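Remarks on the overall topology
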2 protein chains.
Amino acid sequence: MERGPRDDRAEAATDEALRALAEPRRRAILRLVARRELAAGEIAAEFEVTRTAVSQHLTVLKTAGLITERREGTRRLYRARPEGLDGLRQFLDDMWASSLDTARRLAEAERGLTGDGLPATG
Amino acid sequence: MERGPRDDRAEAATDEALRALAEPRRRAILRLVARRELAAGEIAAEFEVTRTAVSQHLTVLKTAGLITERREGTRRLYRARPEGLDGLRQFLDDMWASSLDTARRLAEAERGLTGDGLPATG
DNA sequence: CGATTGCGTCAGTCATCACTAACGTTAGCG
DNA sequence: CGCTAACGTTAGTGATGACTGACGCAATCG
């Protein structure tokens with residue numbers, strides 16, 4: 001099982017999205033802009049931290065590909081970018097499928113106790 | 001849209017799972033034990049960090065409900081726990097759905113330019 | 001019984017990160 | 001032009017967290 005450069009890039013994208021989502025405030029922001037497009041100031045008004053902090057969170061989310069920015073005069077409007085979650089959903093689905101498969105194999109082996117062995121799948 | 005204690009617990013669970021998955025090494029460990037059940041030592045042998053570090057990662061994953069531990073003699077066998085990902089998958093699906101919906105509404109408003117207004121959905 | 005194997009836990013270190021205050025920048029108004 | 005509004009950016013700080021070495025503990029072997 002080799003890991004090609006495409007996997008690495010997918011991993012990097014997943015890693016950035018995951019790190020971005022691991023912060024509660026960023027998830028809250030993402031929930032806001034998932035519901036409707038909002039300006040930076042409107043987003044900041046929803047929280048009790050500085051606009052600076054919110055701005056930095058927005059940068060992280062944008063870099064991770066989870067939101068998009070659109071300028072309108074002096075304002076900057078943000079909205080969620082659903083495709084940014086695709087890699088993550090793929091990752092979770094794969095993990096879920098293989099975990100469930102392993103659990104099934106283990107349950108079956110325990111029921112039969114045939115000493116199956118599972119001779120080093122990898 | 002009120003937030004009940006059940007939502008808070010769901011958020012807490014999602015938060016722990018997310019924080020656990022935000023670490024590349026922990027994802028690698030999870031991928032290993034998703035494929036087959038492994039002992040702590042076998043897992044540690046796959047990486048170039050100390051067994052201590054791996055053990056702490058396993059603790060985090062276990063606390064987050066992403067893996068289960070089973071003792072066999074002096075060994076401890078770990079495997080992925082698929083249900084641990086359920087909350088996260090729900091979160092991502094919800095986010096994806098509302099993001100897509102908002103994107104559609106925005107695209108439609110721009111096409112028609114009817115000055116729809118979107119009078120404060122929340 | 002003592003020795004070894006297979007782990008987890010504790011204490012300490014270094015890097016990362018979320019946050020704030022101050023400053024820089026661009027768009028509109030008089 | 002100057003002035004304000006709405007932002008992003010930079011420098012610095014405190015807390016979190018990933019890691020290592022030393023130690024502790026249960027299970028097995030002689």
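As the structure is a computational prediction, the values presented were derived from the model and not from experiment. (Residues numbered from 1 in each chain as written. Chains lettered and ligands numbered in written order. Predicted model: local features only at pLDDT ≥ 70, side-chain atom pairs only at ≥ 80, totals over all residues. Heavy atoms only, no water.)

The next thing to look at is the sheet that holds strand E2 (residues 67-72) of chain B. Residues and elements named next belong to chain B. In space, the three strands of this open sheet follow the order E1-E3-E2, with antiparallel pairing throughout. Strand pairing shows two members of the sheet lacking a second neighbour, strand E1 (38-39) and E2, which therefore form its edges. Summarising the sheet, E1 and strand E3 (residues 75-80) pair through two bridges and their orientation is antiparallel. When the bridges of E3 are listed, Leu-38 appears paired with Tyr-78. (Pairing = 2+ DSSP bridges. Helix = DSSP H or I, 4+ residues; strand = E, 2+ residues; numbered from the N terminus.)

Another aspect to go through is the side chain of B:Ser99. As for its position among the elements, B:Ser99 is in helix H5 (residues 86-112). Within polar-contact distance, the side chain of B:Ser99 engages the backbone oxygen of B:Met95 at 2.7 Å. Not counting chain neighbours up to four residues away, the residues in contact with B:Ser99 comprise A:Ala34, A:Ala80 and A:Pro82. (Polar contact = N/O pair within 3.5 Å; in protein donor to acceptor, adjacent residues only side chain to side chain. Contact = heavy atoms within 4.5 Å.)

The next subject is the protein's contact with DNA strand C. Of all residues adjacent to DNA strand C, which total 24 residues, the nearest are A:Glu23, A:Arg25, A:Thr50, A:His57 and B:Tyr78. For DNA strand C, the backbone portion of the atoms within 4 Å of the protein, that is sugar and phosphate, comes to 67%. One of the side-chain nitrogen or oxygen atoms of A:Glu23 is found 3.4 Å away from a sugar or linking oxygen of DNA strand C. Take B:Gly41: an N or O atom from its main chain is 2.9 Å from a phosphate oxygen of DNA strand C. Secondary structure elements with two or more residues in the surface near DNA strand C: helix H2 (24-35) and helix H4 (51-63) of chain A together with helix H3 (40-45), helix H4 (51-63) and E3 of chain B. (Near = heavy atom within 4 Å.)

Across the boundary between the two partners, chain A contributes 38 residues, which contact 36 residues of chain B. Across the chain A/chain B interface, buried area totals approximately 3700 Å², and carbon plus sulfur atoms make up 63% of it. Joining chain A to chain B, the criterion identifies eight salt bridges. Between A:Glu11 and B:Arg27 there is a salt bridge; the shortest N-O distance is 3.4 Å. Every element with two or more residues in the side of chain A that touches chain B is listed here: helix H1 (5-21), H2, strand E3 (75-80) and helix H5 (86-112) of chain A. Ranked by residues supplied to the side of chain A that touches chain B, first place goes to H5(A) with 15 residues. Of the residues belonging to the side of chain A that touches chain B, the class tally is 20 nonpolar, five polar and 13 charged. (Buried area = accessible area lost by both parts, 1.4 Å probe. Salt bridge = Lys/Arg side-chain N within 4 Å of Asp/Glu carboxyl O. Nonpolar A, V, L, I, M, F, W, Y, C, P; charged D, E, K, R; others polar.)

Residues and elements named next belong to chain B. Within the element layout of this structure, Leu-38 appears in strand E1. Leu-38 gets classed as buried once you look at its relative accessible area, which sits at 7%. Taking the C-alpha atoms as reference points, Leu-38 and Tyr-78, separated by 40 residues in sequence, lie 5.4 Å from one another. (Buried < 20%, exposed > 50% of the residue type's maximum accessible area, 1.4 Å probe, protein only.)

Both copies of the chain are related by a screw-like operation: a rotation about an axis and a shift along it. Rotating chain A by 180° and moving it 0.0 Å along the rotation axis overlays it on chain B with an RMSD of 0.0 Å. Seen this way, the second copy is the image of the first under a two-fold rotation axis. Of the residues that chain A buries at the interface, 95% are likewise interface residues in chain B, meaning the two copies contact each other through the same surface. (Least-squares fit on C-alpha atoms with pLDDT ≥ 70 in both.)

Residues and elements named next belong to chain A. For H4, built from 13 residues, the straight-helix expectation of 18 Å at 1.5 Å per residue is met to within 8% by its first-to-last C-alpha distance of 18 Å. When H4 is considered as a whole, its buried residues turn out to be Val-54, His-57, Leu-58 and Leu-61. Seen end-on, H4 carries its buried residues on one side only, within an arc spanning 100°. Opposite the buried face of H4, by more than 90 degrees, sit the exposed residues Gln-56 and Thr-63. Where H4 terminates, the next one or two residues include Gly-65, which has phi positive at roughly 80°. (Expected span 1.5 Å × (residues − 1). Arc of directions from axis to C-beta.)

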